Amino acid sequence: MEAVLTHLRGAIERGEYAIGDKLPSEAELCRSLEISRPVLREALRALQTMGLTVSKTGKGTFVVANTVGDPTFGDYAASDLLEVRRHIEIPVAGYAAARRTPENLDHLAHLLDRMERETDTTAWVAMDTIFHIAVAEASQNPVFRRVIEEIRDALARQSAFLNELGGRREQSNREHRAIVEALIDGSEHDAVEAMSHHLDRVETTLTDIVRSARTDTPTEGGPEA
């Protein structure tokens with residue numbers, strides 16, 4: 001999927017598909033790139049998240065920009081989402097370290113164990129959002145949980161995007177482990193630092209994807225594998 005995305009993104013950025021152009025049909029792209037339809041659809045979703053295209057039901061996919069700006073996850077731009085997460089989730093981690101109950105810790109530890117064993121991206125992403133809600137629950141402030149639940153869909157979309165294009169899963173598991181260990185120790189400082197580091201890495205990976213160089217050099221048969 002990454003190779004297909006790189007190929008299509010490069011074609012748009014080079015002007016091979018201009019703003020306003022309709023991309024070839026899914027059937028045509030699958031034939032020319034020699035890929036399956038599920039792989040193509042993942043790449044097309046990523047293009048739309050990056051703000052390069054829009055999909056119109058019954059009409060196809062159209063180019064709306066030739067450079068990647070601020071990706072959108074559901075109803076929220078990535079920059080807005082990260083800004084809010086920094087203001088909410090970092091202090092929440094500190095409150096959680098001070099207020100967590102044994103039940104909170106058991107739930108988080110069990111969830112983390114499952115995430116570290118999980119190999120399916122879709123299942124992992126679902127647990128990722130549950131993890132962040134569980135940390136908010138451990139703060140014992142229901143308003144924090146409600147805020148995280150409000151952005152749950154956006155968090156899931158962002159998590160899937162970063163895992164598909166940035167290979168974030170194992171790194172994220174380690175970052176989550178550091179957060180849980182800080183909560184177990186009851187260290188507000190360590191919990192705040194661990195959550196801050198986690199969000200820093202999310203931002204870095206997202207920035208790397210958005211600013212990636214135009215390295216598309218497809219062979220005649222399609223994008224490089």
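Structure's up top.
Residues numbered from 1 in each chain as written. Predicted model: local features only at pLDDT ≥ 70, side-chain atom pairs only at ≥ 80, totals over all residues. Heavy atoms only, no water.

*Asks:* I would appreciate a short explanation of unusual backbone geometry in the present structure.
*Replies:* Phi is mostly negative for residues that are not glycine, and the peptide bonds are mostly trans. Positive phi is not limited to glycine here, since Glu 34 has a value of about 55°. Secondary-structure assignment places Glu 34 in the loop between helix 2 (26-33) and helix 3 (37-49). (Helix = DSSP H or I, 4+ residues; strand = E, 2+ residues; numbered from the N terminus.)

*Asks:* Is there a simple way to think about a negative patch on the surface in this case?
*Replies:* Taken together, Glu 181, Asp 185, Asp 190 and Glu 193 make up a surface patch of like negative charges. Of all elements in the fold, only helix 9 (169-185) and helix 10 (188-210) reach the threshold of two or more residues within the negative patch. Locating Glu 193 in the fold gives a position in helix 10. (Patch = residues over 30% accessible without salt bridge, like charges linked within 9 Å, V, L, I, M, F, W, Y side chains within 5 Å. Areas by Shrake-Rupley, 256 points an atom, 1.4 Å probe, with all protein chains shown as cover. Salt bridge = Lys/Arg side-chain N within 4 Å of Asp/Glu carboxyl O. Lys, Arg positive; Asp, Glu negative; His and termini not counted. Charge placed at Lys NZ, Arg CZ, Asp CG, Glu CD.)

*Asks:* Could you clarify how one ought to interpret the packing of helix 4 (residues 78-99) against helix 6 (residues 121-138) in this entry?
*Replies:* The description of two packed helices rests on the angle between their axes and on the distance between the axes. At a minimum axis distance of 7 Å, the contact between helix 4 and helix 6 shows a crossing angle of 55°. The angle between helix 4 and helix 6 places the two elements in the oblique class. Handedness of the crossing formed by helix 4 with helix 6: left-handed. Residues Arg 85, Glu 89, Val 92, Ala 93, Tyr 95, Ala 96 and Arg 99 of helix 4 lie in contact with helix 6, whose contacting residues are His 132, Val 135, Ala 136 and Ala 138. Tallied by class, the residues present in the contact of helix 4 with helix 6 amount to seven nonpolar, one polar and three charged. (Axes fitted to C-alpha atoms, helices over the stretch in contact; angles between N-to-C directions. Parallel < 35°, antiparallel > 145°, perpendicular 65-115°, else oblique. Left-handed = near helix turned anticlockwise from the far one by under 90°. Contact = heavy atoms within 4.5 Å. Nonpolar A, V, L, I, M, F, W, Y, C, P; charged D, E, K, R; others polar.)

*Asks:* Looking at this structure, how should I read the side chain of Thr 61?
*Replies:* The residue Thr 61 is located in strand 2 (residues 60-63) in this model. Judged by relative accessible area, which is 13%, Thr 61 ranks as buried. Discounting chain neighbours no more than four positions away, the residues touching Thr 61 are Asp 21, Lys 22, Leu 23, Leu 44, Thr 53, Val 54 and Ser 55. (Buried < 20%, exposed > 50% of the residue type's maximum accessible area, 1.4 Å probe, protein only.)

*Asks:* Honestly, the packing of aromatic side chains in this entry has me stumped. Any pointers?
*Replies:* To describe a pair of aromatic rings, one takes the distance between the centres and the angle between the planes. With the rule as written, the count across this model stands at two aromatic pairs. Pairing Phe 73 with Phe 161 gives two aromatic rings, centres 5.5 Å apart and planes at 65°, and the pair type is edge-to-face. With Phe 73 in strand 3 (residues 72-73) and Phe 161 in helix 8 (residues 152-166), the pair connects residues that are 88 residues apart, well separated along the chain. Per residue, the accessibility class of Phe 73 equals that of Phe 161, and both read buried. A ring pair is formed by Tyr 95 and Phe 144, whose centres lie 5.8 Å apart and whose planes are at 25°; its orientation type is stacked. With a gap of 49 residues between them, Tyr 95 in helix 4 and Phe 144 in helix 7 (residues 142-150) connect regions that are remote in the sequence. Of the residues examined, Tyr 95 reaches a relative accessible area of 35% and is grouped as partly exposed. What makes Phe 144 buried here is its relative accessible area of 15%. (Phe/Tyr/Trp six-rings, centres within 6.5 Å; stacked < 30°, edge-to-face > 60°.)

*Asks:* I would appreciate a short explanation of the pattern of salt bridges in the present structure.
*Replies:* Overall, the coordinates contain 13 salt bridges when judged by the stated rule. The salt bridge partner of Glu 203 is Arg 86, with a shortest N-O separation of 2.9 Å. One end of the pair, Glu 203, is in helix 10; the other, Arg 86, is in helix 4, with 117 residues separating them in the sequence. Residue class for Glu 203 comes out partly exposed when judged on its relative accessible area of 35%. Arg 145 is the salt-bridge partner of Glu 137, the closest N and O atoms lying 1.7 Å from each other.

*Asks:* Honestly, the environment of Ser 159 in this entry has me stumped. Any pointers?
*Replies:* Mapped onto the secondary structure, Ser 159 falls in helix 8. The class for Ser 159 is buried, based on a relative accessible area of 6%. Sequence spacing of Ser 159 and Phe 131 is 28 residues, and the spatial spacing of their C-alpha atoms is 12 Å. Once you skip the residues sitting within four places of it in the chain, Ser 159 turns out to touch Trp 124, Val 125 and Asp 128.

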